[in-house]
Amino acid sequence: MKIGEWDSLGRARSILQHQLGELAAAEIAAHVTLNADNGRLRILVATDIGLLDYHYQPAGADPEGPWSLRGELHRWASVKGLRLQTDAQVEEQDDTVDARWIWRLIAEDPKIELTAESTTASGEHSPWALLPLATACMQHAH
């Protein structure tokens, strides 16, 4: 998925796209995580020049007031401890097989812990949301 496909970005979408243009960076994939407790977003954008890591949150105590978008660009060579893991549970009964699995994208620096479940069809925890970012990171990180 790319920035334009994430409905949860709201007002930040156009700023992110503008900043990518200023950097002359080609977006490969993006992932957005919503913290349900406080409404804060973490936005990871894999680009041809590195991994952009943004935090979008209220600037003060009022979530209806101004918001702050803070980002950092990590060169691919500086992304450390990156790995993609999967765990599956398989149940066989008679002639049917029921399988469920989880994908985990993990990095030590920057700190990333994202999961996707095979039983989730849409949203940030679906494989279709996580795997484009995961494969872009795995292809570009050294």
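Described in the following lines is the structure provided in the data block.

What counts as what
- Residues numbered from 1 in each chain as written.
- Predicted model: local features only at pLDDT ≥ 70, side-chain atom pairs only at ≥ 80, totals over all residues.
- Heavy atoms only, no water.
- Helix = DSSP H or I, 4+ residues; strand = E, 2+ residues; numbered from the N terminus.
- Buried < 20%, exposed > 50% of the residue type's maximum accessible area, 1.4 Å probe, protein only.
- Contact = heavy atoms within 4.5 Å.
- Areas by Shrake-Rupley, 256 points an atom, 1.4 Å probe, with all protein chains shown as cover.
- Lys, Arg positive; Asp, Glu negative; His and termini not counted.
- Charge placed at Lys NZ, Arg CZ, Asp CG, Glu CD.
- Pairing = 2+ DSSP bridges.
- Axes fitted to C-alpha atoms, helices over the stretch in contact; angles between N-to-C directions.

1. Re the overall build of the protein
Logical step 1: Along its length, the protein carries two helices and seven strands.
Logical step 2: Put simply, the protein runs from its N terminus to its C terminus through helices and strands in the order α-β-β-β-β-β-β-β-α.
Logical step 3: With the C-alpha coordinates aligned to their principal axes, the bounding extent of the protein is approximately 55 × 35 × 25 Å.
Logical step 4: Counting over 142 residues, the protein shows a buried share of 35%.
Logical step 5: Long-range contacts, defined as pairs at least 24 residues apart, comprise 43% of the intrachain contacts of the protein with a sequence gap of at least 6.
Logical step 6: In the form shown here, the protein has an accessible surface area of approximately 8,400 Å², with 49% of it arising from carbon and sulfur atoms.
Logical step 7: Here the protein contributes 12 positive and 21 negative side-chain charges, whose respective centroids are spaced 9 Å apart.

2. So, the sheet that holds strand S4 (residues 67-74)
Logical step 1: Across the sheet, four strands lie side by side as S1-S2-S3-S4; this open sheet has antiparallel pairing. Every interior strand has two partners, whereas the edge strands, strand S1 (27-34) and S4, have only one. Taken over all neighbouring pairs, the strand axes of this sheet differ in orientation by 15° on average, direction set aside.
Logical step 2: Sheet topology note: the S1/strand S2 (residues 41-47) ladder contains seven bridges and is antiparallel. From the neighbouring strand, His31 faces S2, where its bridge partner is Leu44.
Logical step 3: Contacts from helix H1 (residues 12-23) reach S1, S2, strand S3 (51-58) and S4, with the element oriented near 150° to S3.

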